[in-house]
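The lines below spell out each chain.
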Amino acid sequence: MNASTLQPRIAAELRGLRARLPQVHGGLVASTDGLVVAHDTEDVEPEGLAALTAAALGVGRRLTEASGQGGLRELLARGERGYVATYAAGDSLVLTVLAAHDANVGRLHLEARRACGRIGDVADGTPGRPPRREPERGREPERGREWQRT
């Protein structure tokens, strides 16, 4: 799928995430090397956020590997005014979400992980794949894909 087809579909997913979670005030999808694919941000410069996301991924990878936690899947940072959460979306994309300080983090994770599945399917060229099943109660949910080394 080419970039001109990819960007509008991913941008629509970002708008949908924001509509489902009123505490989300921005988001972007970028490549793991920091190039913006689509964004829905107002007060944040998307290119800078994408570059910082790529840098944070490098540190996060090293942290999870050094601590024996396996490959990196998600990052969550909490600041005085809110959250920045980053998730794997397919084999080479990341979703970064900006949320208010009063956001329900559990709901943020749930909705963002679902959005990542859909974004990853679009980006990886498998939009016809059946939707991912919700995990059975008491079982660990699938949390998206692990970032590949670049």
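Below, the structure is looked at part by part. (Residues numbered from 1 in each chain as written. Predicted model: local features only at pLDDT ≥ 70, side-chain atom pairs only at ≥ 80, totals over all residues. Heavy atoms only, no water.)

**Digging into the pairing of strand β5 (residues 93-100)**
Heads up, the rule is: Throughout this description, buried means an accessible area under 20% of the type-specific maximum (1.4 Å probe, protein chains only), exposed means over 50%, and partly exposed covers the range between. In DSSP terms, a helix is any run of H or I states spanning at least four residues, a strand is any run of E spanning at least two, and both are numbered starting from the N terminus. Any two strands between which DSSP finds at least two bridges are classified as paired.
With eight of eight residues buried, β5 is to be regarded as a mostly interior element. Where strand β1 (residues 24-31) meets β5, seven bridges bridge the pair, whose relative direction is antiparallel. If you follow Leu-28 over to β5, its bridge partner there is Thr-96. As paired strands, strand β4 (residues 82-89) and β5 are joined by eight bridges and run antiparallel to one another. Bridging from a neighbouring strand, Val-84 pairs with Leu-98 of β5. Following β4, the chain reverses through three residues before pairing antiparallel with β5; Gly-90 in that reversal takes a positive phi of roughly 85°.

**Some points on the environment of Arg-107**
Spelled out, the test is: Working rule for contacts: check all heavy atoms of both residues, and any pair within 4.5 Å makes them a contact.
Within the fold, Arg-107 resides in helix α3 (residues 105-123). Given the relative accessible area of 36%, Arg-107 is considered partly exposed. Distance in space between the C-alpha atoms of Arg-107 and Leu-21 is 8.2 Å, their sequence separation being 86 residues. Among all residues touching Arg-107, those that are not within four sequence positions of it are Arg-20 and Leu-21.

**Digging into the nonpolar core**
Note the threshold: The criterion is simple. A nonpolar core is a set of buried Ala, Val, Leu, Ile, Met, Phe, Trp, Tyr and Cys residues joined through side-chain atoms within 4.5 Å.
Of all hydrophobic cores here, the largest spans 25 residues; its most connected members are Ile-10, Val-29, Tyr-87, Leu-95, Val-97, Leu-108 and Ile-119. Sorting elements by how many residues they give to this core places α3 first, with seven residues. Val-29 has contacts with Ile-10, Leu-14, Leu-35, Val-36, Val-37, Ala-38, Leu-93, Val-94, Leu-95 and Ile-119, leaving out every residue within four places of it along the chain. Counting eight residues, the second-largest nonpolar core is a separate cluster that includes Ala-30, Leu-49, Ala-50 and Leu-72.

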